Amino acid sequence: MTGKTSCNILVRGVNWIGDAVMTMPALKALRIANPGSRITLLVRPWVSPLFEKSPDVDEIIIYEDKHKGFLGKFGLAGMLKKKDFRMAVLFQNAMDAAVAAFFAGIPERIGYARDGRRMFLTKAVPFDSYAGGLHHIEYYLNLLEKVGFAAQYSLPWLHLSLDERLWAREKLEHMKRPVIAINPGAAYGSSKRWRPERFAEIAKRVINGINGSVIIFGGPSEREIEDEIAGEIRKEAGPGYPGSGAQRAELMLMAGKTGLRELAALISESDLLVTNDSGPMHMGYATGAPVAAIFGSTSPALTGPAGRGDIVISKAMDCAPCFERECKKGNLACMDAVSTDEVFDAIGKLVGSVKAVFFDRDGTICRDAGYLSRMADLEIFPEVKSLSKLKENGFLLIGVTNQSGIDRGMVKEDFVKHVNNIFMAKYGFDGFYYCPHHPDKHCSCRKPEPGMLLNARADYRINLKGSFVVGDKELDMLLAKAVGAKGIHVRTGQECSSLHADFHVNGLNEAVSVILGNVRGK
C-alpha cells in the first residue's frame, strides 16, 4: 500500500491521553504512506488538543456524547457518509468504531479483530500474542504494517509552536533551576499512584538538596493530592509558606489550572518530569522532556516512557503487573516498594548540568556548498581552530545539521557521517547529530524543531538553558529560541541577518569571544 494515490482517510483515534500520544507515530506513518491524502481524525474532545498543530492531521472531528447509543451511531454514520471517506483506520479497539465506519459506507475498514467486530472490518488484523506483547507505540504501527503500509518506528512528537514554548518559559521564569515537574495523579486508578507523601519528600529534596524548584501538575480531581503534597512541604517550611493556589520561586501549584496544550508546554520547559504511569507521562517524552516514571500495577514493557534515556523505577512483584484500577490486596505493595532514594537518584541522573555550544555545519563551520556530497567541495573555515578555547572553558562542542539530501537521494548517509567525523577527530567536537529527513516528514529532529538538541541533552546531560547555538540561518536562531539557549548568528553563510538572534557576529572567532565574555560577565 506504500505510495497510494490520493484518498480521503478517516482515523478513529483512542480515548485516553496516553494512548493517543502513542498513536502519533502510526499517524505519521499513515501520512508518509499516503502523501496526497486527506486525513481526518475522529476523537473525544479531551484528546483533540494533542493533535491541533499536527501536520499529520488535516481535520479533527469531535466524537461527542450525542454520538453514543443506537440513534447516535446512525447520526454519526450519516455525517461521516457525507464526507465520502474511502478508508477508515481504527486505532480504537471497540466495536463502536467499526460499526460507525460500516454504516458510514466506508469501503475499506482497517482495525484489529477485537471486541467481536471482525464482521464489520474489511481488513481485520489478528490480535495475537505477538500484537498483545508489543509496546503500544509499536502496537499501532503493527496495525498499519500488517495491511501493507510501510510503518517505520519513530517516537511520538507533540508539535508545540514557538509562542507556546515562550509562554511556558515566561510562566516559569521566576522559578529556580532546575525545575522539576511532578505529576502525582493517574486517571486510571489509585493502583498506579505513588503515595503523595513520597512525592512530597522528593519535592523537599529538590528544593533543599539541589536548590531547585517544583511544579505540581494534575487534573481538577487531583487537587486534593496536590494539597496533601503542598501541606507536607509547608510543615517543613513553616507557617508562612504558600498554600494551594499560591506560588513562589520554589513551588508552583498547577493542578486543574492548565489546558492540555498549556500542560504540554510547561512540561517541555521543565528540566525533568517525575510521574506515575499516566497521560502526562506520555506527553512528557512526546515533548522531549526527560522522564522518571514510577510503575507498579502496569507494565513498562507495554506503556513505559519511550524517550531517550528515560528511567523507569519499578520493583518485581509476584502480583505485578495486575492492570487493576484498585489494589485488590489493599496494600499497594508494588508502589510502596519504590523508595524515595531511588526516585531522587533518577533525578540526579537525568538533570542536565553540562554546558555546550551547538554548531550548525554548512555555512557555519564549513562553506555551504548546497548539498555537500563530495570531499572536493568540503572547505572547512580556518577559524574552527579557535573553538578549542570553548573546550578549555568547560563547553562541549556539538554539531547539528539538517541533511535532507539523504532522503532526497542526493547525498549518501555514509558521506555525511564521514564529514561529521572529521570535525570530531580533528577539531575536538564531542558529538555530531544530523537529520536525514525530507521537510515534508515534519520530524522532530529537523531544525528548527529541537529534536537533535534534546537527544544531545539526553546523551551528555546538557543544560540547554545554559548553552549556545551558533549558526548562519534563521532556523538556527529559532532552534535556540525553542530550547531557551542563546542564539549567535554568524554572517558566514547564506543569510546576513536574523530577527531572533541574541548576538550577531562576523565569524567564529567573534562567536567564541561573545560566549566567553557572556560567561565571565555572569
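See above for the structure.
Just so we're clear, the structure is a prediction, and the values are computed from it rather than from any experiment. (Residues numbered from 1 in each chain as written. Predicted model: local features only at pLDDT ≥ 70, side-chain atom pairs only at ≥ 80, totals over all residues. Heavy atoms only, no water.)

Considering the nonpolar core
Turning to step 1, where the next piece is worked out: Of all hydrophobic cores here, the largest spans 63 residues; its most connected members are Val11, Leu50, Val89 and Phe91.
Turning to step 2, where the next piece is worked out: Among residues more than four places away in sequence, those in contact with Val89 are Ile9, Leu10, Val11, Arg12, Leu30, Ile110, Leu143 and Leu144. (Core = buried A, V, L, I, M, F, W, Y, C linked by side-chain atoms within 4.5 Å. Buried < 20%, exposed > 50% of the residue type's maximum accessible area, 1.4 Å probe, protein only. Contact = heavy atoms within 4.5 Å.)

With respect to unusual backbone geometry
Turning to step 1, where the next piece is worked out: Residue Pro178 is reached from Arg177 by a cis peptide bond, and omega for that bond is 5 degrees.
Turning to step 2, where the next piece is worked out: Among the structural elements, Pro178 can be located in the loop between helix 7 (162-171) and strand 7 (179-183).
Turning to step 3, where the next piece is worked out: That bond from Lys447 to Pro448 is cis: its omega, 15 degrees, falls within 30 degrees of zero.
Turning to step 4, where the next piece is worked out: One can find Pro448 in the loop between strand 16 (431-435) and helix 18 (451-460).
Turning to step 5, where the next piece is worked out: Backbone geometry at Asn211 places phi at a positive 60 degrees, although glycine is not the residue there. (Helix = DSSP H or I, 4+ residues; strand = E, 2+ residues; numbered from the N terminus.)

Notes on the side chain of Asp56
Turning to step 1, where the next piece is worked out: Relative to the elements of secondary structure, Asp56 occurs in the loop between strand 2 (38-43) and strand 3 (59-62).
Turning to step 2, where the next piece is worked out: It turns out Asp56 is buried and unbridged, and the closest side chain with the opposite charge, Lys28, is 4.0 Å from it.
Turning to step 3, where the next piece is worked out: In this structure Asp56 touches Leu27, Lys28, Arg31 and Ile39, once residues within four positions along its chain are discounted. (Lys, Arg positive; Asp, Glu negative; His and termini not counted. Salt bridge = Lys/Arg side-chain N within 4 Å of Asp/Glu carboxyl O.)

Structural notes on the pattern of salt bridges
Turning to step 1, where the next piece is worked out: Inspection of every chain in the model, using the stated rule, returns 31 salt bridges.
Turning to step 2, where the next piece is worked out: Residue Arg31 pairs with Asp58 through a salt bridge whose shortest N-O separation is 2.8 Å. You can see Arg31 sitting in helix 2 (residues 24-33) and its partner Asp58 sitting in the loop between strand 2 and strand 3, a full 27 residues away along the chain.
Turning to step 3, where the next piece is worked out: Among the residues examined, Arg31 registers a relative accessible area of 11% and is labelled buried.
Turning to step 4, where the next piece is worked out: Note that Arg261 is salt-bridged to Glu164, the shortest N-O span being 2.7 Å. One end of the pair, Arg261, is in helix 10 (residues 260-269); the other, Glu164, is in helix 7, and 97 residues separate them in sequence. Each of the two residues, Arg261 as well as Glu164, counts as buried.

By themselves these figures say nothing about function.
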